[in-house]
Amino acid sequence: MLLAVDVGNTDTVFGLYQSDEWEYIWRMRSLVQENESHYESRLRLHFLEAGLWFGDVDTVVLSSVVPAMTPIIQKVLRSMFGDEVIVVGPDIYPELSIAINHPHEIGADLIANSVAVMTRYQENCVVVDFGTALTFTTVSKDRKILGVAILPGLMTAVKALFANTAQLPEVPLVLPKTAIGKNTTEAIQAGILLGYEGLVKSLLQRIRQEMGGECIAVATGGLSSIIETLQDEFVEIDTNLTLDGLRIIGERLRPNA
């Protein structure tokens, strides 16, 4: 059994992989003020409720983009599963090269996403990750991360709007039927969701042009299905893409493999 852990800015995701599928996926809020006991007690409870034994886990892979939480989660994993925790970094996967100026600046989740798509597809690909940040990671068919575009994610943009505007209410992230909002809720939905629809299409078009026109796109992240009109842009929408990249890394580097 393989345990993949993805520490993100909003949530930390734990995925248990066995028998060619993700049997369990658990989410916890990423709270930097909490100590190891908080996360360990919750993870132990998940295992208990699922009737699982810690000793059944033979591989643990950790990806983190929250430096303050990395040692905390590492301690939890080592306490529960032993010292052999694979921590994802720019040099972790020999088959993938990172052709950017400062490889250690790239997020571990983007490395995992890139490993996943280069394993599934042998062609130029851009991974669009709809998370706390909206990222576009371009991977060439010769297994290189060529670069990344980053901007605030959908929910981040909405929260920023609410935080700085006293009279605007919180609204659901639902794609509106028109760009001409007739009330405050529709106006925010039109501006954010339709605005991001155009943004994603424009950036994908620009990236494809720079790649000579040959570049597929894959979407991931918790909000990847919110803008339904973007679905035709992607050959695949997989919310577990990061976990799957971690799985591939773990199987490649599994202790005693």
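On a predicted model such as this, the values are computed, not experimentally measured, just so you know. (Residues numbered from 1 in each chain as written. Predicted model: local features only at pLDDT ≥ 70, side-chain atom pairs only at ≥ 80, totals over all residues. Heavy atoms only, no water.)

A. Structural view of helix α5 (residues 184–210). Taking 1.5 Å as the rise per residue, α5 with 27 residues should run 39 Å; its terminal C-alpha atoms sit 38 Å apart, in good agreement. If you check the start of α5, you find a side-chain oxygen 3.2 Å away from the backbone N of T185, and it comes from N183. The positive-phi residue at the C-terminal boundary of α5 is G212, with phi of around 75°. (Helix = DSSP H or I, 4+ residues; strand = E, 2+ residues; numbered from the N terminus. Expected span 1.5 Å × (residues − 1). Polar contact = N/O pair within 3.5 Å; in protein donor to acceptor, adjacent residues only side chain to side chain.)

B. Broad picture of the packing of helix α3 (residues 108–120) against helix α6 (residues 241–253). Contact geometry of α3 with α6 gives a least axis separation of 7 Å together with a crossing angle of 80°. When the interaxial angle is binned, α3 and α6 end up roughly perpendicular. Judged by residue contacts, D109, A112, N113, V115, A116, V117, T119 and R120 of α3 engage L241, T242, D244, G245, L246, I248 and I249 from α6. Of the residues in the contact of α3 with α6, the class split is eight nonpolar, four polar and three charged. (Axes fitted to C-alpha atoms, helices over the stretch in contact; angles between N-to-C directions. Parallel < 35°, antiparallel > 145°, perpendicular 65-115°, else oblique. Contact = heavy atoms within 4.5 Å. Nonpolar A, V, L, I, M, F, W, Y, C, P; charged D, E, K, R; others polar.)

C. Fine view of the packing of aromatic side chains. What the rule picks out here adds up to eight aromatic pairs. Every member of this aromatic cluster is reached through a ring pair, and the members are Y24, W26, F47, W53, F54 and F81. Note that R247 overlies the ring of Y17, its terminal NZ or CZ placed 4.9 Å from the centroid. (Phe/Tyr/Trp six-rings, centres within 6.5 Å; stacked < 30°, edge-to-face > 60°. Lys NZ or Arg CZ within 6 Å of the ring centre and 35° of its normal.)

D. Focus on the nonpolar core. Membership of the largest hydrophobic core comes to 33 residues, with the highest contact counts inside it found for V88, Y93, V117 and I249. Breaking this core down by element, the ones donating at least two residues are β1 (2–7), β2 (11–18), α3, β7 (125–130), β10 (216–220) and α6. Tallying contributions element by element places α3 first for this core, with eight residues. When residues no more than four places from it in sequence are discounted, the contact partners of V117 are C125, V127, V139, V218 and L241. (Core = buried A, V, L, I, M, F, W, Y, C linked by side-chain atoms within 4.5 Å. Buried < 20%, exposed > 50% of the residue type's maximum accessible area, 1.4 Å probe, protein only.)

E. Here's a closer look at the pattern of salt bridges. Inspection of every chain in the model, using the stated rule, returns 13 salt bridges. With its nearest N and O atoms 3.5 Å apart, the salt bridge here joins D11 to R29. With a gap of 18 residues between them, D11 in strand β2 and R29 in strand β3 (residues 21–29) connect regions that are remote in the sequence. R120 is the partner of D238 in a salt bridge, and the nearest nitrogen-oxygen pair spans 2.8 Å. A residue pair is termed long-range when its members are at least 10 positions apart, and D238 in the loop between β11 (236–237) and α6 and R120 in helix α3 qualify at 118 residues. Exposure remark for D238: the relative accessible area of 15% places this residue in the buried category. Connected through salt bridges with shared partners, the residues R120, E236, D238, D244, R247 and E251 form a single ionic network. (Salt bridge = Lys/Arg side-chain N within 4 Å of Asp/Glu carboxyl O.)

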